[in-house]
Amino acid sequence: MTAPDAAGLRRRTQELLAAHPPATTGRTAFLRARFDAGLAWVHYPAGLGGLDAPRSLQPVVDAGLAAAGAPDNDPRRIGIGLGMAAPTLLGFGTDEQKQRFLRPLWTGEEVWCQLFSEPGAGSDLAALGTRAVRDGEDWVVDGQKVWTSSAHLARWAILIARTDPDVPKHRGISYFICDMTDPGVEVRPLRQITGEAEFNEVFLTGVRIPDNRRLGPVGEGWKVAQTTLMNERVSIGGARVPREGGMIGPVVRTWRERPELRTHDLHQRLLTLWVEAEVARLTGTRLRQQLVAGQPGPEGSGMKLAFARLNQEISGLEVELLGEEGLLYGEWTMRRPELVDFTGRDAGYRYLRSKGNSIEGGTSEVLLNIVAERVLGLPAEPRTDKDVAWKDLAR
Ligand SMILES: Cc1cc2nc3c(=O)[nH]c(=O)nc-3n(C[C@H](O)[C@H](O)[C@H](O)COP(=O)(O)OP(=O)(O)OC[C@H]3O[C@@H](n4cnc5c(N)ncnc54)[C@H](O)[C@@H]3O)c2cc1C
């Protein structure tokens, strides 16, 4: 089958709408039909939600469906599945795994979370200590993960665990798909500075994972995880936003609607941040175009760095602009939100939540190291643990 061009995609979109009119078709039924028509993510292979078409043509489908009032899959709610689990499954999954997992992942029927960070392994993720030990056709997993966003909503998790403690830390890791409803998986909320608990600590005790839910070869989980992490940075820092979308939008609106708050100094700073936000937005567009040609590279780290810095500066400016009003914080109540919604909340929430932006998906310091080494070609940080077995490392 030859991949369709823009006209072909427009025609297929209209055929989908004719066969499943959004007004009379249930949401899940429509999303499943869209996946089966290859219009979910057009650059994915035929039979897996796509048509092998160029990724740059996705907006043709999205615009046609939005104009007809068709439901979308609420991408912000299932960001980890779409942005991180899916590209990893596509790159390393068996045919059986792709067939089983991609459709309900894309429709949002099954939410995914990421079991990577541990109390002793965040920036130095390869130091992780969660163990997976082979037992017949299964792996038995024991350990603790932390900062696991959406674990309380998730049906599945991407999980990395140590399968060989006798080799250097990067080499003894394997990558699994963990069923969050299995016995031995315990999820506990962790309350954040915002008062809410988006994320969790997850305890894994004797969790049995069948070997057919391993992604990639035994001991090569670090390589598989690189695909997840590079895609994570792109999905955090390179999300598609319209002009004045994202964090800059609410500040600019307040500036326009409330002239009594304006000062010369804030004007200058707002102009600078507006330009920087626009540059970041356009750079994100370019990055997504580069993705058409292959995997994300270290550019994703640069985007994520800029995203974190800008969000923190812009939300700080917004609190200043609002003066005393900016210090009020709606309700500091413990909630378990389904998604992170920057724009639909008050300034105080944006200010506090954006603090996490320079930590999640790799801290800004660590991303600076990546940019220094892989983009600028500067000397790498000295590493003394490269050739030492994980079990002999000081912890
Ligand atoms: C909102 C939020 C959501 C998250 N969601 C998830 C999730 O769903 N799943 C998941 O697995 N994890 C998640 N995380 C965890 C996140 O990936 C880690 O917090 C992050 O990688 C940092 O690890 P750490 O917290 O252990 O800090 P550490 O690694 O202990 O770092 C502490 C400090 O030391 C600095 N530092 C460490 N190493 C270096 C170095 N080599 N050079 C310079 N400075 C260094 C860091 O920059 C930081 O300032 C989330 C975090 C946040 C804030």
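Let's shift gears to the overall build of the protein. The number of helices and strands found in the protein is 12 helices and seven strands. Taking 2.2 N^0.38 as the reference for a compact globule, 395 residues should give roughly 21 Å; the C-alpha atoms of the protein span a radius of gyration of 22 Å, in line with that estimate. Taking all 395 residues of the protein together, the buried fraction comes to 49%. Long-range contacts, defined as pairs at least 24 residues apart, comprise 71% of the intrachain contacts of the protein with a sequence gap of at least 6. As displayed, the protein has an accessible area near 18700 Å², and 54% of this comes from carbon and sulfur atoms. Considering the protein, the positive charge centre built from 49 side chains and the negative charge centre built from 51 side chains are found 3 Å apart.

As a matter of local geometry, the ligand sits amid 19 residues, with Ser117, Ser123, Trp147, Thr363 and Glu365 nearest to it. At 2.7 Å from an oxygen atom of the ligand is found a side-chain nitrogen or oxygen belonging to glutamate 365. Computed on the free molecule, the ligand has an accessible area of 980 Å², of which 69% lies beneath the protein chains in the complex. Looking at which element gives the most residues to the shell around the ligand, the answer is helix α12 (residues 364-375), with three residues. Looking at the shell around the ligand, its residues break down into five nonpolar, 10 polar and four charged. Summarising the domain contributions, the shell around the ligand has at least three residues from each of domain 2 (95-99 + 107-219) and domain 3 (238-375).

A separate point is the nonpolar core. Counting residues in hydrophobic clusters, the biggest one holds 33 residues, and the most contacted among them are Trp41, Leu89, Leu102, Trp112, Phe116, Ile160 and Tyr175. Secondary structure elements with two or more residues in this core: α2 (27-36), α4 (79-92), α5 (95-107), β4 (156-162), β5 (173-179) and α6 (221-237). Per-element tally for this core: the top contributor is α4, with five residues. Each of domain 1 (1-72) and domain 2 (95-99 + 107-219) gives at least three residues to this core.

Burial along strand β1 (residues 112-115) is two-sided: the face carrying Trp112 and Gln114 and the face carrying Cys113 and Leu115 are both buried. As paired strands, β1 and β4 are joined by four bridges and run parallel to one another. Residue pairing for β4: cysteine 113 is matched across the bridge by alanine 157.

For the rest of this paragraph, the subject is the packing of helix α9 (residues 299-322) against α12. Two numbers describe how α9 lies on α12: the axes approach to 9 Å, and their chain directions differ by 145°. Where α9 crosses over α12, the two elements pack in a sense that is left-handed. From α9, Ser301, Gly302, Lys304, Leu305 and Ala308 reach across to α12, where they touch Ser364, Leu367, Leu368, Ile370 and Val371. Partitioning the contact of α9 with α12 into residue classes produces six nonpolar, three polar and one charged.

With respect to the helices, strands and loops of the structure, glutamate 110 is situated in the loop between α5 and β1. Once you skip the residues sitting within four places of it in the chain, glutamate 110 turns out to touch Arg100, Pro104, Leu105, Arg155 and Trp156.

So, on to the domain arrangement of the protein. If you check the domain split of the protein, you get domain 1 (1-72), domain 2 (95-99 + 107-219) and domain 3 (238-375). Relative to domain 3, the C-alpha centre of domain 2 lies at a distance of 29 Å. Listed by partner, the interface residues are 14 residues for domain 2 and 15 residues for domain 3. Linking domain 2 with domain 3 are three salt bridges, by the criterion used here. Of the residues belonging to the side of domain 2 that touches domain 3, the class tally is five nonpolar, six polar and three charged.

Residues other than glycine seldom take positive phi values, yet aspartate 74 does so here, at roughly 50°. The topology assignment puts aspartate 74 in the loop between α3 (58-67) and α4. Judged by its relative accessible area of 27%, aspartate 74 falls in the partly exposed class.

With that settled, the discussion passes to the pairing of β5. Taking burial as the measure, the seven residues of β5 include seven buried ones, the bulk of the element. Side chains Ile173, Tyr175, Ile177 and Asp179 of β5 all project onto a buried face; the interleaved residues Ser174, Phe176 and Cys178 project onto the opposite face, where all are buried too. As paired elements, β4 and β5 share seven bridges and run antiparallel to each other. The partner of alanine 161 across the bridge, within β5, is serine 174.

Those residues of α3 lying buried are Gln58, Val60, Val61, Gly64 and Leu65. Angularly, the buried residues of α3 cover 165° about the axis, an arc narrow enough to put them on a single face. For α3, the exposed residues lying more than 90 degrees away from the buried face are Ala66 and Ala67. In the core, the buried residues of α3 are packed alongside α1 (6-19) and α2. Where α3 ends, the next residue or the one after it, glycine 69, has phi of about 75°, a positive value.

Cut-offs applied
Residues numbered from 1 in each chain as written. Predicted model: local features only at pLDDT ≥ 70, side-chain atom pairs only at ≥ 80, totals over all residues. Heavy atoms only, no water. Helix = DSSP H or I, 4+ residues; strand = E, 2+ residues; numbered from the N terminus. Rg over C-alpha atoms; globule rule 2.2 N^0.38 Å. Buried < 20%, exposed > 50% of the residue type's maximum accessible area, 1.4 Å probe, protein only. Contact = heavy atoms within 4.5 Å. Areas by Shrake-Rupley, 256 points an atom, 1.4 Å probe, with all protein chains shown as cover. Lys, Arg positive; Asp, Glu negative; His and termini not counted. Charge placed at Lys NZ, Arg CZ, Asp CG, Glu CD. Near = heavy atom within 4 Å. Polar contact = N/O pair within 3.5 Å; in protein donor to acceptor, adjacent residues only side chain to side chain. Nonpolar A, V, L, I, M, F, W, Y, C, P; charged D, E, K, R; others polar. Domains from an automatic or database assignment. Core = buried A, V, L, I, M, F, W, Y, C linked by side-chain atoms within 4.5 Å. Pairing = 2+ DSSP bridges. Axes fitted to C-alpha atoms, helices over the stretch in contact; angles between N-to-C directions. Left-handed = near helix turned anticlockwise from the far one by under 90°. Salt bridge = Lys/Arg side-chain N within 4 Å of Asp/Glu carboxyl O. Arc of directions from axis to C-beta.

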